[in-house]
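Given next are the chains, with one letter for each unit.
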Amino acid sequence: MPNPSPQTAPKAAPATYALGSIVVALAGIALKLLAWKLTGSVALFSDALESLVNLAAAAGAFIALRQAARPPDDGHPFGHHKAEYFSAVAEGILIIGAALLILNEAWKAFFEPIVLEDLGIGLFINALAGVLNAAWAAHLLRQGRHFRSPALIADAKHLFADVATSVGVIGGVLAAGLTGYLILDPLLAALVAINVLWSGWHLVRGSVGGLMDEAAPAEIRAEIQELIQEHGAGSLQAHDLRTRVAGQRTFLEFHLVVPRAMTVAEAHKICDAIEDGLRHRLGDIHIAIHVEPSEKAKAEAEVIIASE
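Residues numbered from 1 in each chain as written. Predicted model: local features only at pLDDT ≥ 70, side-chain atom pairs only at ≥ 80, totals over all residues. Heavy atoms only, no water.

Novice: So what exactly am I meant to see when it comes to the pairing of strand β3 (residues 285-293) here?
Specialist: Sheet faces and side chains relate simply in a regular strand, where the side chains alternate between the two faces. As defined by bridge partners, strand β2 (residues 249-258) adjoins β3 across 9 bridges and the pair is classed as parallel. Paired with Leu252 across the strands is Ile287, a residue of β3. In this fold, the crossover linking β2 to β3 by way of helix α8 (residues 264-282) has right-handed handedness. (Pairing = 2+ DSSP bridges. Helix = DSSP H or I, 4+ residues; strand = E, 2+ residues; numbered from the N terminus. Right-handed = clockwise from strand over helix to strand, strands pointing away.)

Set out below in C-alpha cells:
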C-alpha cells in the first residue's frame with residue numbers, strides 16, 4: 001500500500017491537536033469541579049464553569065479544521081465553512097447559561113457566606129488544572145505557529161486567558177480563607193461570571209455575523225484594495241468590491257475596468273496577477289473578478305490604478 005503523500009498527511013494534524021484541546025478542557029473542568037466540591041468555594045465553582053469557554057473554543061477549532069478539510073461538492077459548491085458557526089452559537093448559549101448559573105450561586109453566597117473547607121487540597125487541585133492548561137497552551141501555540149493555523153493559535157490564547165483567571169481566583173480564595181472575609185469568595189465569582197458572560201456574548205455575536213455574511217474586517221478590506229492596486233498594472237480601476245467571511249475563508253468579488261482595446265488574454269493575465277498577489281498575502285480567499293471595458297468606469301471606484 002502506498003504511503004500517504006506529504007501533502008495530505010499534515011491536514012489531519014491540526015484537527016488532532018484541536019481534539020487534544022477538548023480532552024484537556026474536559027480534564028480541567030473535572031479537576032476544578034473537584035476543587036469546588038472539596039472547598040465549597042463559589043469562586044472555584046465559577047472558575048470551573050469558565051473552563052466551558054475553553055471547551056467551546058476547542059470544539060469550535062476542531063469543527064472548523066475538520067470542515068475546512070472537506071472539499072466543495074455539488075450541494076455545497078462554495079465549501080462547508082459555515083458549519084462551525086452553528087456549533088459556535090450553541091456553545092455561546094451554553095457559556096451564557098453557565099455565567100447566569102455562576103451569578104445565581106454568587107448571589108446566594110453573598111447573603112449566606114459559605115465556610116471554606118479543605119482549602120489546601122482544593123487549591124492544589126485547582127492549581128494542577130491551571131498547570132495542565134498552561135502546559136498544553138504553550139504546546140498548542142507552538143503547533144499553531146508551525147501549521148500556520150489561526151484556529152489553534154486562538155485556542156491557545158483562550159487557554160492562557162483561563163490560566164490567568166485561575167491564578168487570580170486561587171489568590172482571592174486563599175485571601176478569603178486566611179483573612180476570614182468570606183464575602184471575597186462570591187465577589188470573585190461575580191467578577192468571573194461577568195467575564196464568562198462577555199465571552200459567551202462575543203462568541204454568539206461573531207458567529208451570527210458569519211451566518212449573516214458579514215463583511216471582512218476593515219483592515220482586510222484595506223489590504224485587499226492595496227493589493228489590487230499593487231498587482232493590477234495595466235487595468236484602470238476596481239469598483240463594487242464586496243467581501244464576506246465564512247469560517248477561515250474570505251470571499252471577494254469586484255469589477256475590474258480595463259482599456260477597451262485590451263485583449264481577453266491580456267485582461268486574463270492581469271486577473272491572474274491580482275489573484276496570485278491576494279492569495280499569497282491573504283491565504284484562503286475565493287476571488288471572482290468581472291472584467292469590464294473603460295466606459296464602465298465609475299467615479300466612486302474603490303481602487304484607482306491608472307487613467308486612459
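Novice: Explain unusual backbone geometry to me, please; I cannot follow it from the model alone.
Specialist: Leaving glycine out, the prevailing phi sign among residues is negative, and the prevailing peptide bond configuration is trans. Positive phi is not limited to glycine here, since Asp118 has a value of about 45°. Mapped onto the elements of the fold, Asp118 is located in the loop between α3 (83-111) and α4 (119-147). Here the phi dihedral of Asp240 falls at roughly 55°; this positive angle occurs in a residue that is not glycine. Take Asp240: it is sitting in strand β1 (residues 237-246).

Novice: Help me out: how do you make sense of the sheet that holds β1 in this one?
Specialist: In sheet architecture, strand pairing relies on hydrogen bonds along the backbone and comes in two forms, parallel and antiparallel. One open sheet accounts for 4 strands, arranged β3-β2-β1-β4; its pairing is mixed. Taken across any chain shown, the strands that pair with only one partner, and hence form the sheet edges, are β3 and β4 (303-304). Across the sheet, helix α7 (residues 218-231) is in contact with β1, β2, β3 and β4; its angle to β1 comes to roughly 140°. Along the sheet, α8 contacts β2 and β3; its crossing angle with β3, the most-contacted strand, is approximately 155°. (Contact = heavy atoms within 4.5 Å. Axes fitted to C-alpha atoms, helices over the stretch in contact; angles between N-to-C directions.)

Novice: I would appreciate a short explanation of the packing of aromatic side chains in the present structure.
Specialist: Pairs of aromatic rings are described using the distance from one ring centre to the other and the angle between the two planes. Tallied over the full model, the rule gives 3 aromatic pairs. Relative to Phe45, the ring of Trp36 lies with its centre 4.5 Å away and its plane at 40°, an arrangement referred to as tilted. Measuring from ring centre to ring centre gives 5.4 Å for Phe110 and Phe111, while their planes differ by 85°; the resulting arrangement is edge-to-face. When its relative accessible area of 38% is taken as the criterion, Phe110 is described as partly exposed. One aromatic cluster is present, built from ring pairs that chain together Trp107, Phe110 and Phe111. Taking NZ or CZ as reference, Arg244 lies 4.0 Å from the ring centre of Phe251, over its face. (Phe/Tyr/Trp six-rings, centres within 6.5 Å; stacked < 30°, edge-to-face > 60°. Buried < 20%, exposed > 50% of the residue type's maximum accessible area, 1.4 Å probe, protein only. Lys NZ or Arg CZ within 6 Å of the ring centre and 35° of its normal.)

Novice: I keep staring at the side chain of Thr39 and nothing clicks. Help me out?
Specialist: Mapped onto the fold, Thr39 is located in helix α1 (residues 9-39). What makes Thr39 buried here is its relative accessible area of 2%. Only 2.9 Å separates the side chain of Thr39 from the backbone oxygen of Ala35, close enough to count as a polar contact. Of the polar contacts made by the side chain of Thr39, one reaches the backbone nitrogen of Ser41; its length is 3.1 Å. Among all residues touching Thr39, those that are not within four sequence positions of it are Leu44, Val115, Leu116, Glu117, Asp118, Leu119 and Gly122. (Polar contact = N/O pair within 3.5 Å; in protein donor to acceptor, adjacent residues only side chain to side chain.)

Novice: I'm lost on the pattern of salt bridges in this one. Help?
Specialist: Any two side chains of opposite charge can pair, on the condition that their charged atoms come close. Within the structure shown, the criterion is met by 8 salt bridges. For the salt bridge of Glu253 with Arg242, the shortest nitrogen-to-oxygen distance reads 2.4 Å. Residue Glu253 is found in strand β2, and its partner Arg242 is found in strand β1; the two are separated by 11 residues along the sequence. Judged by its relative accessible area of 35%, Glu253 falls in the partly exposed class. Note that Glu295 is salt-bridged to Arg260, the shortest N-O span being 2.1 Å. One end of the pair, Glu295, is in the loop between β3 and β4; the other, Arg260, is in the loop between β2 and α8, and 35 residues separate them in sequence. The network of salt bridges with common partners includes Lys32, Asp47 and Asp162. (Salt bridge = Lys/Arg side-chain N within 4 Å of Asp/Glu carboxyl O.)

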